[in-house]
Amino acid sequence: MGISRPSRPVLLTTAATASALVLTALVPGSATADPTPRPVTREGSPLGADRAARAPEAAAERALGDARSGAAGLGGDKGRGYPREQKLDLPPENPADKSIKLGLTPYHGIAPKLNDLQRIGDRVSVEIAGRSAGGHQLYLVTVTAPESARETARQERMRERIENSPAAAAKDDAIKSSYKTPVFINNNIHGNEWEGTDAALKLIEKLAKAEDKKSRDLLAHNRLYFNVTTNPDGRIAGTRANANGFDLNRDFITASQPEARAVRQIAIAKQPAVMIDLHGYVNGTLIEPTTPPHGENYEYDLFLKNTYANALGMEAAVNGLGYTEAKDGVKPAVIPFRDQKEGWDDWPPIFTPQYMPFHGAVATHTIEFPMQVNNEEYESQPVAELRRRARINTDIAGAAMRATLDYTDRHRTSVIADQIEVFRRGATGAKQVPVSEETVPGVPGIGPEDVYTTEFPRAYVIPAGGRGQRSAAAAARLVDHLVANDVRVERAGKAFRLGGRTYPKGSYVVDMHQPKRGLANVMLADGRDISDKVSTMYDISGWSLGRLWGASVDSVKSGDLGGVHGRAVHAASRVGYVAPRGNLRLRLDDPREIAALNSLLAKGVSVRRDRDGSAVVPSSARRAAAAAAKKYDVAFDATKAKGGAALHRTRVAAAVTPGELFALREMNFKVVPVSTAVLNSGFDWKKADALFVSAGLDRSELNTAARDRLDRFLAGGGGLVGRGAAGAALNADAGLLAVKAVGGNGDANGVVRVVNAGGTVTGGAPDHGFVYSPSWFTDLGPGVRVEQKYGTGNPLVSGHWRAAEDGTGGPADAAGRAAVVSGSDGATDVVLFGTEPLFRDHPKGMFPQVGRALLSVGR
């Protein structure tokens, strides 16, 4: 019998600004709830005229140190069975923990609770998955029936066979009968969406004590993993973001923060087949799968089959709790795939449930609790009302968890078979299966708007090059990142020919016949322009690391890889080098090179700028250069140039987003965060050589004294680097560079083609950039230099960028226009960006443009 297709009757209206995008769903009738998706922000809380990033420097140091060391919190229990009990250290009691007001478990109450739970029977184990940016331990709890060391080793061999030999695993009777299905429950990734943690603790306790046959069978056939709180920094502070101001549920693929790296390691080490991610707050409870557009690199037929079926079970469990809108304020649950037309997509791989499928999960969900207890509600509602709402949310989280375990247990054989099939398709280079009512029976409403597939290339090649190659440091970083994500990379032992091109020895090859091809492709491919697919997007739509990280990456559509003679790499080859004689050149085309330069300047090394923007280090500083080359893995090549103007370490007063502040610190700039409020309080401009403005600073809101101090700083030779609307507004209000800033469509974002002028700011820059609420510059006055232009035609390569309703602000208006400009009013050197060179951690190859700009404008 054919399946009738229900309509998706949701209309969406859009209100967009440079810093936020809010979608409002209007659902006719009363069949479904009225979900309002969360506002999109760059990182953390929305930034206003008085709010700029002020994350502590120690948090950035901790996150960057963890990334450089490659430390992982898991894997220290090889050779042990389950349970793996350990006595956790107890954090000091913190009466200011924001969870307390809600009647929920404060962070300092989790460790003693877990210590108690480990003493109940033999089912509960705790591992330390890592530490947060704020230094708090991340607790991964495993609940399963006891295993001997021998049985645990057997389970691990089966897990590895599923990924590494999927064709054989599909025929393995032992896997079908005795492999424990891994289920991952992720909680509290947004710190002020608390209740998943408490529901998890309750469920862990119940399973630890349960003696009924159903519970015993569940634990005998499954391993349940609970990340109790992914964001303890935010849980304590009552913030969405972690201590660095990062929204961790935007950090997958780039993994700039230690919490995201911990989840990544859980995905690799535990290989969950099913996962749910607990959030708040949308009324009624929102349960993925999502609306189009769907990620084109998934095996979406397998994903939708399981995710929709599990969603139905969770919906029944949540609605079955008996909460009603009339009695409790709780609306019925909503499944976006079924109930909405657009506005809640799974296109970008930056969210936890959109990242996990690339590691083999075939059912993943965001769950949004209904009753808001954060932000303004946290401050305005009585404690009793907040606690009532929190109890409801905890109940709903628990229902979603229990339903997910029931689904997994009932379908564990087919779930694992589907996970094996994901890996088999990747390993054999099989084509994707487009979704339809025939290929995914039981899921109503599938239409052509749900079909997203891609053509995987045969391989990607990251070419090797000689000394001084622009992308050498970037290539090494990209290879290390691929390997950290469990993507297989080989290094050629000799020159080879592939796709009509000859590559030198030492080039890296990503064979796309591998189990996690989707993950390799989602990072390295250009992506797609989806502007014509939906009216607006919930978050970013383009992110290509192949285009944005500064490395040369070639996509090879077909060819025989037999001539590559490659060996698997576990880390990229080091590129650090110092020429044995003569003056030294540091190219400044990579953030590591900017960081190395700033380390030399901090030590008092005399460095000069060459005409192309690179740095010339005297031969007398060879020892200091060698130390920097080793620490930052960068190359200092020989040069006969002596350089021009002396470079000095620029001290930066930064009114910026959290991601930008983090990037500046990564490049070793001395940064003092500022905002309108900070300047109004009497900022000492002797601490700064340049001002970088992108958020949180409005000159028109400064008091007279603060405005006078700012103007004296600029007139006295202090430089300005501005990004976006805030940077352009300050430039105009202060009467500095003679340009007109034109704002494009505020909700546009993606990867764009650019043309670089070279020289001080954009020398060595990639020919692609990133935009988010793009802008450009017209009416250029005398002396204004165009450092970068948008490409002609349609500059958008991948992402979502439409014209506004009046036909303006689209990519056609930006084509050929100035994207980055520089100049001086005689006293103040200025660089203005209409692009997003430091957005989150995505455009690594663009970071040096800001680094070079700050070095060029500093007094």
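So, how was this worked out
Residues numbered from 1 in each chain as written. Predicted model: local features only at pLDDT ≥ 70, side-chain atom pairs only at ≥ 80, totals over all residues. Heavy atoms only, no water. Helix = DSSP H or I, 4+ residues; strand = E, 2+ residues; numbered from the N terminus. Polar contact = N/O pair within 3.5 Å; in protein donor to acceptor, adjacent residues only side chain to side chain. Contact = heavy atoms within 4.5 Å. Buried < 20%, exposed > 50% of the residue type's maximum accessible area, 1.4 Å probe, protein only. Axes fitted to C-alpha atoms, helices over the stretch in contact; angles between N-to-C directions. Parallel < 35°, antiparallel > 145°, perpendicular 65-115°, else oblique. Left-handed = near helix turned anticlockwise from the far one by under 90°. Nonpolar A, V, L, I, M, F, W, Y, C, P; charged D, E, K, R; others polar. Pairing = 2+ DSSP bridges. Expected span 1.5 Å × (residues − 1). Salt bridge = Lys/Arg side-chain N within 4 Å of Asp/Glu carboxyl O. pLDDT = per-residue confidence, 0-100. Phe/Tyr/Trp six-rings, centres within 6.5 Å; stacked < 30°, edge-to-face > 60°. Lys NZ or Arg CZ within 6 Å of the ring centre and 35° of its normal.

Here Arg-699 shows up in the loop between strand 26 (690-693) and helix 24 (704-715). Looking at Arg-699, its side chain comes within polar contact range of the side chain of Asp-711, at 2.6 Å. Contacts of Arg-699, omitting those with residues within four sequence positions, involve Arg-707, Leu-710, Asp-711, Asp-733 and Ala-734.

Moving on to helix 18 (residues 517-524). Among the eight residues that make up helix 18, eight are buried, leaving the element largely enclosed by the rest of the structure. Among the residues making up helix 18, those that are buried are Arg-517, Gly-518, Leu-519, Ala-520, Asn-521, Val-522, Met-523 and Leu-524. The inward-facing, buried residues of helix 18 abut helix 13 (352-355), helix 16 (412-428), strand 12 (459-462), helix 17 (472-484), strand 16 (508-511) and helix 19 (545-548).

Take the environment of Glu-85 next. Here Glu-85 shows up in the loop between helix 1 (57-69) and helix 2 (107-118). For the pair formed by Glu-85 and Asn-115, sequence separation is 30 residues and the distance between their alpha carbons is 8.5 Å. Those residues in contact with Glu-85 that lie beyond four places of it in its chain are Arg-80, Gln-118, Gly-121 and Val-124.

When two helices pack together, their arrangement is given by the angle between the helix axes and by the axis-to-axis distance. At a minimum axis distance of 8 Å, the contact between helix 6 (residues 195-209) and helix 15 (residues 383-410) shows a crossing angle of 55°. Here helix 6 lies oblique to helix 15, going by the angle between them. Judged by the twist between their axes, the crossing of helix 6 over helix 15 is right-handed. For the pair helix 6 and helix 15, the contacting residues are Glu-195, Gly-196, Asp-198, Ala-199, Ala-200, Lys-202, Leu-203, Lys-206 and Leu-207 in the first and Ala-390, Asn-393, Thr-394, Ala-397, Gly-398, Met-401, Arg-402 and Leu-405 in the second. Here the residues of the contact of helix 6 with helix 15 sort into eight nonpolar, four polar and five charged.

Each regular strand displays side chains that alternate between the two surfaces of the sheet. Within strand 11 (residues 363-369), seven of the seven residues are buried, which leaves the element mostly enclosed by the surrounding structure. Both faces of strand 11 are covered, namely the face carrying Ala-363, His-365, Ile-367 and Phe-369 and the face carrying Thr-364, Thr-366 and Glu-368. Relative to strand 11, strand 7 (residues 274-280) runs parallel, the two sharing seven bridges. Across the sheet, the residue bridging to Asp-277 is Thr-366, located in strand 11. When strand 8 (residues 286-287) meets strand 11, the two strands line up antiparallel, connected through two bridges. Note that in strand 11 the partner of Ile-287 across the bridge is Ile-367.

The amide bond that connects Gly-280 to the next residue, Tyr-281, takes the cis arrangement and shows omega of 5°. Residue position: Tyr-281 is located in the loop between strand 7 and strand 8. Following Pro-292, the chain continues to Pro-293 via a peptide bond in cis, the omega torsion being 0°. Notably, Leu-588 is not glycine yet its phi reads approximately 65°, a positive angle. Of note, Leu-588 is situated in the loop between strand 20 (583-586) and helix 20 (591-602). Despite not being glycine, Arg-840 shows a phi value in the positive range, around 45°. One can find Arg-840 in the loop between strand 35 (829-833) and helix 28 (847-857). You can call Arg-840 buried: its relative accessible area is 3%.

It is at 8 Å that the axes of helix 20 and helix 28 come closest, and there the two elements cross at 30°. It follows from the interaxial angle that helix 20 and helix 28 lie roughly parallel. Across from Pro-591, Ile-594, Leu-597, Asn-598 and Leu-601 in helix 20, the residues of helix 28 making contact are Phe-847, Pro-848, Gly-851, Arg-852 and Leu-855. Considering only residue class, the contact of helix 20 with helix 28 consists of seven nonpolar, two polar and one charged.

Read across the open sheet, the seven strands follow the order 3-4-6-5-7-11-8; overall the sheet is mixed. Of all the strands in the sheet, just strand 3 (124-131) and strand 8 have a single pairing partner and so form its edges. Both strand 3 and strand 4 (residues 137-143) contribute to a ladder of seven bridges, which runs antiparallel. By the bridge assignment, Ser-125 is partnered in strand 4 with Thr-142. Seen against the sheet, helix 2 touches strand 3 and strand 4 and runs at an angle of roughly 30° to strand 4.

This part covers the environment of Phe-252. Structurally, the position occupied by Phe-252 is in the loop between helix 8 (232-237) and helix 9 (258-270). Measuring from C-alpha to C-alpha, the distance between Phe-252 and Ala-624 comes to 36 Å, with 372 residues separating the pair along the chain. What Phe-252 contacts, discounting residues up to four positions off in sequence, is Ile-189, Ala-260, Val-263, Pro-349, Ile-350, Phe-351, Thr-352 and Tyr-355.

End to end, helix 9 covers 18 Å across 13 residues, agreeing with the expected 18 Å (1.5 Å per residue, within 8%). Extensive coverage of helix 9 is indicated by the burial of 11 of its 13 residues. Residues Pro-258, Glu-259, Ala-260, Arg-261, Ala-262, Val-263, Arg-264, Ile-266, Ala-267, Ile-268 and Lys-270 constitute the buried set of helix 9. Trailing helix 9 by a residue or two, Gln-271 shows a phi angle of about 50°, which is positive.

Quick look at the environment of Ala-827 now. Along the chain, the position of Ala-827 falls in the loop between strand 34 (818-824) and strand 35. Residue classification places Ala-827 among the partly exposed positions, given a relative accessible area of 33%. As a C-alpha pair, Ala-827 and Asn-297 span 530 residues in sequence and 51 Å in three-dimensional space. Not counting chain neighbours up to four residues away, the residues in contact with Ala-827 comprise Leu-714, Ala-715 and Gly-717.

Moving on: the pairing of strand 7. Among the seven residues of strand 7, seven are classified as buried, and the element is accordingly described as predominantly covered. Along strand 7, one buried face is formed by Val-274, Ile-276, Leu-278 and Gly-280 and the opposite face, lined by Met-275, Asp-277 and His-279, is buried too. As paired strands, strand 5 (residues 181-187) and strand 7 are joined by five bridges and run parallel to one another. Among the inter-strand pairings, Asn-186 is bridged to a residue of strand 7, identified as Asp-277.

If you walk across this open sheet you meet the five strands as 19-23-20-22-21, and the pairing is mixed. Looking at strand neighbours, the two that pair on one side only are strand 19 (577-578) and strand 21 (608-609), the edges of this open sheet. Here two bridges tie strand 21 to strand 22 (residues 615-617), and the two strands are oriented antiparallel to one another. Residue pairing across strands places Arg-608 opposite Val-616, the latter belonging to strand 22.

Here we take up the pattern of salt bridges. With the rule as written, the count across this model stands at 52 salt bridges. Of the charged contacts in the structure, one is a salt bridge between Arg-338 and Asp-339, with a shortest N-O distance of 2.8 Å. Notably, a salt bridge pairs Asp-633 with Arg-592, separated by 3.8 Å at the nearest N-O pair. Placement of the pair is Asp-633 in the loop between helix 21 (622-632) and strand 23 (635-639) and Arg-592 in helix 20, with a sequence separation of 41 residues.

Averaged over every residue, the pLDDT of the protein chain is 92; residues scoring 70 or more account for 93%. Residue range residues 1-42 is modelled with pLDDT below 50. Its contacts to residues more than four positions away, or to other chains, number 117 contacts.

Moving on, we get to the packing of aromatic side chains. Evaluation of the coordinates by the stated rule reveals 21 aromatic pairs. Ring geometry for Tyr-107 against Tyr-139: centres 5.9 Å apart, planes inclined by 15°, an arrangement best described as stacked. Separated by 32 residues along the polypeptide, Tyr-107 in helix 2 and Tyr-139 in strand 4 bring together distant segments of the chain. Across the pair, exposure class does not vary: Tyr-107 and Tyr-139 are buried alike. The ring of Tyr-82 has Arg-84 sitting right over it, with the charged end atom 4.2 Å from the ring centre. Looking at Arg-477, its charged tip hangs above the ring of Trp-549, at a distance of 5.5 Å from the centre.

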